[in-house]
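# Descriptive structure summary
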Amino acid sequence: MDDYEDVTEVFDGAKVWWSSSKTVPKTQPISFHPVAEERRQYRLTFHKRDREVITEKYIEHVLKEGKAIAVKNRQRKLFTNNSSENWYGWKSTKWSHVLFEHPATFDSLAMETKKKEEIKKDLTRFSKGNNYYAKIGKSWKRGYLLYGPPGTGKSTMISAMANFLDYDIYDLELTTVKDNSELRKLLIETTGKSIIVIEDIDCSLDLTGQRKKTKEKDGDDDDDDDKSDKEKDPISKKKSEAEKENKNRSKVTLSGLLNFIDGIWSACGGERIIVFTTNYVDRLDPALIRTGRMDKHIELSYCCFEAFQVLAKNYLELKSHELFGKIEELLGETKMSPADVAENLMPKSDEEDEEDCLKRLIKALETTKEARKKAEEAALKAEKAGEESGETPSQVVQENGEKSAKRGERERCNF
Ligand SMILES: Nc1ncnc2c1ncn2[C@@H]1O[C@H](COP(=O)(O)OP(=O)(O)OP(=O)(O)O)[C@@H](O)[C@H]1O
């Protein structure tokens, strides 16, 4: 209703009259006291004979409709946590936000239709599960673990989930959270109807606490060394700087996080989804991802033909093409992430048409296939060389595997 507007309506045979007005605060001279806000009032008039209908049914109906409209008009937000150094002082908050406007939907997500439908059903069931969760005596929350190689759509799926459910997103950067107590404070400030996201959980959480502690202890022994010597020696200087940095790092522990998932949830109300993402699911502690904590594990994988068809429709508005057959064949023979497929499908100039884009994708797939073949041949050669030098083939393969895994770890995580 606009200011000073009159509206009438009939509810269950009872006629009601609404009128709106507002109180504008008197203009004040410059003052240090906060200025009073303007206040809106709504007057409801009805016949005495309709009192029962109005008080017992109509008011409830109006409040319910009002809430539904507010939800519909609500602008969703993407929150990120502030460093605790900025938590105190005037107007400071633990979370900063921007409007969440990511356009991803389940329709635009490149994935098998069956899998998408299953996830959508699961989300719908959760969002309507208020009474169900109350009945079974569990807090109204659900954990999702999204895992898969880089560029397979984990972040995109989170946006699609938020758009599907109309929830806010809390993007929790664990590395800036100093300890478990800070984590608790942050999470208690999240609101319902939200998705709390911890991306690359294997990189953000100290799952190797024991090993780190030992290292720190080794470092502490050095404290007995002459300090001035340390300052002079550039290597020692670098080492002590690194130690200092390490001390400032997040001390959130696995048990702190587990406690939060199990306990704090119930204390801070319901309708929250927590999503962890990782590229290395096998590195996660089983305790973290067991059912009840991470209820649904979703693998996002390399692009299959069905996923390609979604991308072709989104990027090129193509449902079929004579080159689709060749692409299907190549996708079956090699591995390419949906991010790379999408990049190849995107026209690079106004002159490029759909066929140019499809041909570029075919070329990229052939190159990837060729590179993979060469890598396999090299691995086979290394294996043979190992056999000749007396090492068992499995030893060589294992060593190579370990080396490349460790390299990957270093590239991705700041351990
Ligand atoms: N399954 C997909 N469907 C649609 N688009 C995708 C998909 N996967 C990747 N993309 C495209 O690739 C880009 C990168 O994808 P996204 O960030 O979601 O991948 P990710 O799995 O989260 O990667 P990372 O593990 O590196 O964080 C997205 O902006 C999107 O355009």
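In what follows, the accompanying structure is described. In this text, all values refer to a predicted model and were calculated from it rather than measured experimentally.

A separate point is the sheet that holds strand β6 (residues 141-147). Whether parallel or antiparallel, the strands of a sheet pair through hydrogen bonds between backbone atoms. A sheet is described by the order of its strands in space; here 7 strands give the open sequence β5-β4-β7-β8-β9-β6-β10, paired in mixed fashion. Here the strands that pair on one side only, and so sit at the sheet edges, are β5 (95-99) and β10 (296-299). Pairwise comparison of adjacent strand axes, ignoring direction, gives a mean angle of 20° for this sheet. For strand β7 (residues 168-171) and strand β8 (residues 194-198), the ladder comprises 4 bridges, and the chain directions are parallel. The residue bridging Asp171 from the neighbouring strand is Val197, located in β8. Along the sheet, helix α4 (residues 154-165) contacts β6, β7, β8, β9 (272-278) and β10; its crossing angle with β9, the most-contacted strand, is approximately 165°.

Now for the pairing of strand β2 (residues 14-23). Relative to β2, strand β1 (residues 6-11) runs antiparallel, the two sharing 6 bridges. Looking at the pairing, Val10 lines up with Lys15 of β2. The hairpin turn running from β1 into β2, its antiparallel successor, is 2 residues long, and Asp12 in that turn takes a positive phi close to 55°. Direction of pairing for β2 relative to strand β3 (residues 39-46): antiparallel, over a ladder of 8 bridges.

In this section: the nonpolar core. Leu172, Leu174, Leu183, Ile201, Leu257, Phe276 and Leu288 are the most contacted members of the largest nonpolar core, which has 26 residues in total. Those elements that place two or more of their residues in this core are α5 (180-188), β8, α10 (254-267), β9 and α11 (286-289). In terms of residue count, α10 provides more of this core than any other element does, 5 residues in total.

When two helices pack together, their arrangement is captured by the angle between the axes and the distance separating the axes. Taken N-terminus to C-terminus, the directions of helix α12 (residues 305-316) and helix α13 (residues 324-333) make an angle of 135°; their axes are 10 Å apart at the nearest point. When the axis of α12 is compared with that of α13, the two are oblique. Two packed elements cross with a definite hand, and for α12 against α13 that hand is right-handed. Together, Phe305, Phe308 and Ala312 of α12 and Phe324, Ile327, Glu328 and Leu331 of α13 make up the contact between the two elements. The residue inventory of the contact of α12 with α13, partitioned by class, reads 6 nonpolar, no polar and 1 charged.

Mapped onto the elements, Gly325 comes out in helix α13. Looking at Gly325, the relative accessible area reads 43%, which means it is partly exposed. On a C-alpha basis, the gap between Gly325 and Lys120 in space is 30 Å, while along the polypeptide they are 205 residues apart.

Rules used throughout
- Residues numbered from 1 in each chain as written.
- Predicted model: local features only at pLDDT ≥ 70, side-chain atom pairs only at ≥ 80, totals over all residues.
- Heavy atoms only, no water.
- Pairing = 2+ DSSP bridges.
- Helix = DSSP H or I, 4+ residues; strand = E, 2+ residues; numbered from the N terminus.
- Axes fitted to C-alpha atoms, helices over the stretch in contact; angles between N-to-C directions.
- Contact = heavy atoms within 4.5 Å.
- Core = buried A, V, L, I, M, F, W, Y, C linked by side-chain atoms within 4.5 Å.
- Buried < 20%, exposed > 50% of the residue type's maximum accessible area, 1.4 Å probe, protein only.
- Parallel < 35°, antiparallel > 145°, perpendicular 65-115°, else oblique.
- Left-handed = near helix turned anticlockwise from the far one by under 90°.
- Nonpolar A, V, L, I, M, F, W, Y, C, P; charged D, E, K, R; others polar.

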